[in-house]
2 protein chains.
Amino acid sequence: MKPKVTIEDIARLAGVSKATVSRVLNERSNVKAETRERVLRVMQEQGFVPSLAAAGLAGGRSRLVGVLTPPFTQPTVPEILRGVAEAIEHTDYEIVLYSTNAGQSPTTIVNRILALGLTSCLLVIQPGPLTPRLLQLASQGLPVVVIDDQGPPPELPSVGIDNRVSAYQATMHLIRLGYRRIAHLQGPAEFRCAQERYQGYRQALDDAGLPFDPALVFNGTFETASGRACAVALATLPLAERPEAIFIANDQMAFGFLSAAEALGLRIPQDLAVVGFDDIPLSAHVRPTLTTIKQPFYEMGRNAVELLLSLLHGPAMQPVAGAEDGYQPPIRIQLPTRLVIRESCGALTLHRRQEQEHSLSDE
Amino acid sequence: MKPKVTIEDIARLAGVSKATVSRVLNERSNVKAETRERVLRVMQEQGFVPSLAAAGLAGGRSRLVGVLTPPFTQPTVPEILRGVAEAIEHTDYEIVLYSTNAGQSPTTIVNRILALGLTSCLLVIQPGPLTPRLLQLASQGLPVVVIDDQGPPPELPSVGIDNRVSAYQATMHLIRLGYRRIAHLQGPAEFRCAQERYQGYRQALDDAGLPFDPALVFNGTFETASGRACAVALATLPLAERPEAIFIANDQMAFGFLSAAEALGLRIPQDLAVVGFDDIPLSAHVRPTLTTIKQPFYEMGRNAVELLLSLLHGPAMQPVAGAEDGYQPPIRIQLPTRLVIRESCGALTLHRRQEQEHSLSDE
DNA sequence: CCTTGACATGAAAACGGTTTCATATTATGC
DNA sequence: GCATAATATGAAACCGTTTTCATGTCAAGG
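Residues numbered from 1 in each chain as written. Chains lettered and ligands numbered in written order. Predicted model: local features only at pLDDT ≥ 70, side-chain atom pairs only at ≥ 80, totals over all residues. Heavy atoms only, no water.

Remarks on the protein's contact with DNA strand C
Here is step 1 of the chain: Near DNA strand C there are 30 residues, and of these Ile 7, Ser 22, Arg 28 and Arg 61 of chain A together with Thr 35 of chain B occur at the shortest range.
Here is step 2 of the chain: Taking all atoms of DNA strand C within 4 Å of the protein, the share assigned to sugar and phosphate is 59%.
Here is step 3 of the chain: Between DNA strand C and Ser 22 of chain A there is a distance of 2.4 Å, counted from a phosphate oxygen to a side-chain nitrogen or oxygen.
Here is step 4 of the chain: For DNA strand C, a base nitrogen lies 3.4 Å from a polar atom in the backbone of Ala 54 of chain A.
Here is step 5 of the chain: When contributions to the surface near DNA strand C are tallied by element, the ones reaching two or more residues are α2 (18–25) and α4 (52–59) of chain A together with α2 (18–25) and α4 (52–59) of chain B.
Here is step 6 of the chain: Here the element with the most residues in the surface near DNA strand C is α2 of chain A; it accounts for 5 residues.
Here is step 7 of the chain: Counted by class, the surface near DNA strand C contains 14 nonpolar, 10 polar and 6 charged residues. (Near = heavy atom within 4 Å. Polar contact = N/O pair within 3.5 Å; in protein donor to acceptor, adjacent residues only side chain to side chain. Helix = DSSP H or I, 4+ residues; strand = E, 2+ residues; numbered from the N terminus. Nonpolar A, V, L, I, M, F, W, Y, C, P; charged D, E, K, R; others polar.)

Quick look at the interface of chain A and chain B
Here is step 1 of the chain: The partner chain B presents 46 residues to the 44 residues of chain A that form the contact.
Here is step 2 of the chain: Between the two partners, chain A and chain B, sit 0 salt bridges.
Here is step 3 of the chain: Counting only elements with at least two residues in the side of chain A that touches chain B, the list comes to α4, α5 (77–89), β2 (94–99) and α6 (106–116) of chain A.
Here is step 4 of the chain: Residue contributions to the side of chain A that touches chain B peak at 8 residues, all from α5 of chain A.
Here is step 5 of the chain: The residue makeup of the side of chain A that touches chain B, split by class, is 25 nonpolar, 9 polar and 10 charged.
Here is step 6 of the chain: As paired elements, β2 of chain A and strand β2 (residues 94–99) of chain B share 3 bridges and run antiparallel to each other. Counted as the bridge partner of Val 96 of chain A is Val 96 of chain B from β2 of chain B. (Contact = heavy atoms within 4.5 Å. Salt bridge = Lys/Arg side-chain N within 4 Å of Asp/Glu carboxyl O. Pairing = 2+ DSSP bridges.)

Structural notes on the sheet that holds strand β4 (residues 144–148) of chain B
Here is step 1 of the chain: If you walk across this open sheet you meet the 12 strands as β11(A)-β5(A)-β4(A)-β3(A)-β1(A)-β2(A)-β2(B)-β1(B)-β3(B)-β4(B)-β5(B)-β11(B), and the pairing is mixed. Two strands bound the open sheet, and with one partner strand each, they are β11 (332–335) of chain A together with β11 (332–335) of chain B. Averaged over all neighbouring strand pairs, the angle between strand axes comes to 25°, with direction disregarded.
Here is step 2 of the chain: Across the sheet, helix α12 (residues 297–312) of chain B lies against β1 (64–69), β3 (119–126), β4, β5 (158–161) and β11 of chain B, angled at about 165° from β4 of chain B, the strand it touches most. (Axes fitted to C-alpha atoms, helices over the stretch in contact; angles between N-to-C directions.)

Quick look at the side chain of Thr 69 of chain B
Here is step 1 of the chain: Here Thr 69 of chain B shows up in strand β1.
Here is step 2 of the chain: The contacts of Thr 69 of chain B, once residues within four sequence positions are left out, are Val 77, Leu 81, Leu 97, Tyr 98, Ser 99, Thr 100 and Ile 125 of chain B.

A closer look at the protein's contact with DNA strand D
Here is step 1 of the chain: Thr 35 of chain A together with Ser 22, Arg 28, Ala 58 and Arg 61 of chain B are the nearest of the 28 residues found near DNA strand D.
Here is step 2 of the chain: Protein-adjacent atoms of DNA strand D, using a 4 Å cutoff, are sugar or phosphate at a proportion of 61%.
Here is step 3 of the chain: Thr 20 of chain A has a polar side-chain atom sitting 2.9 Å from a phosphate oxygen of DNA strand D.
Here is step 4 of the chain: Between Ser 22 of chain B and DNA strand D, the recorded distance is 2.4 Å, taken from a side-chain N or O atom to a phosphate oxygen.

Points about α5 of chain A
All names here are of chain A.
Here is step 1 of the chain: If you check α5, its first and last C-alpha atoms are 18 Å apart, about what 13 residues at 1.5 Å a residue would give, namely 18 Å.
Here is step 2 of the chain: For α5, a buried count of 11 out of 13 residues is recorded, marking the element as mostly surrounded by other parts of the structure.
Here is step 3 of the chain: Val 77, Pro 78, Ile 80, Leu 81, Gly 83, Val 84, Ala 85, Glu 86, Ala 87, Ile 88 and Glu 89 are the residues of α5 that are buried. (Expected span 1.5 Å × (residues − 1). Buried < 20%, exposed > 50% of the residue type's maximum accessible area, 1.4 Å probe, protein only.)

What about unusual backbone geometry?
Here is step 1 of the chain: Here the residue pair Arg 287 of chain A and Pro 288 of chain A is connected by a cis peptide bond, since its omega of -10° sits within 30 degrees of zero.
Here is step 2 of the chain: Examined against the element boundaries, Pro 288 of chain A turns out to sit in the loop between β9 (273–278) and β10 (291–294).
Here is step 3 of the chain: Note that the residue after Ile 268 of chain B, namely Pro 269 of chain B, is joined by a cis bond; omega there is 5°.
Here is step 4 of the chain: Despite not being glycine, Phe 222 of chain B shows a phi value in the positive range, around 75°.
Here is step 5 of the chain: Turning to its location among the elements, Phe 222 of chain B is positioned in the loop between β7 (217–219) and α10 (224–235).
Here is step 6 of the chain: For Phe 222 of chain B, a relative accessible area of 13% gives the class buried.
Here is step 7 of the chain: The backbone of Asp 279 of chain B sits at a positive phi, close to 60°, despite the residue not being glycine.
Here is step 8 of the chain: Note that Asp 279 of chain B resides in the loop between β9 (273–278) and β10 (291–294).
Here is step 9 of the chain: Exposure remark for Asp 279 of chain B: the relative accessible area of 12% places this residue in the buried category.

Remarks on the relation of the copies chain A and chain B
Here is step 1 of the chain: With an axial shift of 0.0 Å and an RMSD of 0.1 Å, the rotation relating chain A to chain B amounts to 180°. The superposition operator between the copies reduces to a two-fold rotation axis.
Here is step 2 of the chain: By residue overlap, the copies meet face to face through one surface: 100% of the interface positions of chain A are interface positions in chain B. (Least-squares fit on C-alpha atoms with pLDDT ≥ 70 in both.)

Describing the packing of aromatic side chains
Here is step 1 of the chain: Tallied over the full model, the rule gives 8 aromatic pairs over all chains.
Here is step 2 of the chain: Measuring from centroid to centroid gives 6.5 Å for Tyr 198 of chain A and Phe 212 of chain A, while their planes differ by 75°, and the two rings are edge-to-face. Residue Tyr 198 of chain A is found in helix α9 (residues 192–207), and its partner Phe 212 of chain A is found in the loop between α9 and β7 (217–219); the two are separated by 14 residues along the sequence.
Here is step 3 of the chain: On the basis of relative accessibility, which here comes to 22%, the residue Tyr 198 of chain A falls in the partly exposed class.
Here is step 4 of the chain: Taking the relative accessible area as the measure of exposure, Phe 212 of chain A reaches 25% and is therefore partly exposed.
Here is step 5 of the chain: For the pair Phe 247 of chain B and Phe 277 of chain B, a centre-to-centre distance of 6.3 Å together with 50° between the ring planes defines the contact as tilted. Of this pair, Phe 247 of chain B sits in strand β8 (residues 245–248) while Phe 277 of chain B sits in strand β9, and the two are 30 residues apart along the sequence. Residue Phe 247 of chain B shares its accessibility class with Phe 277 of chain B, and that shared class is buried. (Phe/Tyr/Trp six-rings, centres within 6.5 Å; stacked < 30°, edge-to-face > 60°.)

Scope: geometric values only; no functional claims are made or implied.
Listed below in structure tokens is the structure:
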């Protein structure tokens with residue numbers, strides 16, 4: 001094992017002190033150009049790489065960003081992480097990854113993160129409510145940025161989308177296609193995004209002057225199984241009460257819905273149009289392909305990193321004039337979503353839908 | 001920001017020296033049970049978490065495992081990473097993640113990893129050849145474990161599968177189904193696994209007494225596009241020369257093949273049976289669903305971590321008696337694969353294949 | 001009862017940087 | 001040409017651990 005070359009070696013070889021080498025390393029301005037030059041050259045020659053551990057210890061700060069994620073197999077995660085990784089790469093920072101495997105207390109992990117004593121900030125990818133411990137830490141000054149969902153009031157800086165507006169778009173798309181009775185399969189109530197998507201759905205119905213029928217709102221868990229359950233529930237409805245379309249709060253549930261619908265002999269979109277939410281990779285490949293709201297996961301990752309680093313490099317945000325009471329509501333970066341039209345909503349097979357309308361009006 | 005409680009505080013409160021506290025922390029045996037008890041209690045009370053940075057600096061080693069991965073969006077990666085994350089979680093170690101985004105020199109990243117000075121070992125997920133820099137580091141004593149592929153001679157400890165045998169199984173499956181003219185779309189030659197899969201294919205042909213036709217071997221890149229290209233190439237073949245089945249060296253290419261085949265009016269599996277390799281999540285969802293070799297990605301991740309840590313905790317492997325020359329060939333953990341039979345190979349629709357044989361023999 | 005280890009503990013020196021404070025050097029103003 | 005400020009550098013303290021070495025204590029052996 002090669003003996004590590006340290007700042008001291010560089011100092012000796014360049015004929016300066018450790019302090020000066022450190023200054024060069026940290027790009028301090030008060031080093032004579034000539035000296036800096038010499039030091040840099042020696043570092044180059046020696047293949048010197050400063051120890052982040054030592055720097056972190058001495059400087060009290062660190063170059064490590066803790067990233068807390070759900071399991072990678074959750075389909076939205078890889079794309080987010082790709083954005084995170086790519087953004088980090090352009091900086092001096094590194095990623096320390098904490099994956100919350102199901103069945104593990106989030107608090108345990110958060111504590112573990114701190115145990116590092118290395119991680120100076122935290123990027124949390126968490127659909128669903130935040131743990132109290134996390135909020136506590138954030139309030140103690142730990143820079144934290146959350147991707148995606150948020151507990152009731154947005155208490156932490158975050159990056160996400162406008163769930164309400166997006167759900168509105170999705171529902172409105174169905175309405176424009178001529179569907180009148182539109183159901184909704186919603187996510188669990190503890191997810192803020194589930195509530196917002198529900199609100200968007202309601203709003204669209206209202207704005208279109210369509211009646212709201214509570215019997216058409218189903219409770220889901222954001223998991224595939226609850227999509228299947230919903231399809232079954234729908235199929236057992238008397239024909240006259242069946243909806244013509246359904247807005248499902250995430251793609252995962254939509255998959256379950258589609259597969260159960262197929263098994264039940266329900267044709268999508270002829271018998272029932274479906275719109276999902278997320279646009280995860282599979283959505284373009286299920287049959288029928290899923291019309292859905294595309295979340296910009298990659299961009300969310302990138303933006304989260306940028307936000308986090310800007311927080312870290314000092315609160316450079318100028319207080320808004322006139323609101324100088326010192327309180328800054330946490331920043332939220334809201335990225336645009338997009339409706340991706342595929343087969344499941346029937347937009348691509350309008351003629352068939354017209355047939356369907358006929359047969360329905362015959363009843 | 002709360003002032004961090006250090007080992008010194010604990011020492012003072014417990015009425016012992018820093019050294020003793022350190023011993024307790026590291027579970028050294030030579031501490032009186034009573035003392036240990038007291039120290040532990042104080043640590044508990046104070047919510048003490050030792051600084052990994054300091055420990056790493058002082059101890060010369062570190063509790064960080066560097067993980068070098070391809071982009072997360074490469075479909076095999078999330079599952080591997082899940083295994084890695086889960087295995088790590090049961091240890092004191094943490095993951096520092098380095099994602100190699102396309103178009104970035106691997107050497108740059110490897111250097112960056114070392115720059116950390118934190119990472120004491122490396123887990124490399126790399127299909128394709130290893131960079132010289134990596135080999136150099138490994139030979140300098142850095143513990144490295146590679147997942148999946150390997151450069152020509154297996155120079156580093158690794159975890160993977162037996163590509164040759166798996167490809168043999170895949171091809172033999174087609175043979176058993178009665179296909180005689182079996183094509184192969186292979187991966188790029190610089191991938192060892194591509195070569196091995198090719199060999200397995202050849203071997204199966206040989207063992208079955210089937211003639212090998214070089215015209216039926218196509219060159220691919222492991223990417224979707226080359227699957228499409230292959231389908232086109234096949235379709236332009238004179239009818240009499242067309243294969244009845246094809247073994248495609250990875251699922252990604254198989255997807256391209258399937259979609260192009262559909263566009264070309266080639267029915268799968270009736271006109272042509274397809275077997276892939278990998279069993280990534282999409283494989284169960286494309287139409288027709290893909291018969292393929294399942295790689296145990298999750299287990300590969302877990303095993304790689306275990307191997308790496310065993311390497312780290314001292315070369316505890318007893319030299320084999322009689323081979324005491326000191327040279328230890330690097331360990332390779334080879335996990336079993338499994339053939340997953342779905343629609344694309346035609347096994348599920350045998351009757352149709354029989355029809356097909358009829359029509360073929362009519363020609 | 002005294003020696004010899006074994007065992008438990010403490011003091012202090014690393015580890016590789018950053019940072020503060022003092023000092024040496026140079027530039028500036030009069 | 002000299003006082004003064006600005007700039008460049010060095011010495012040493014410090015960050016929170018681990019580790020080595022020395023010391024103190026206690027039980028066993030002679």
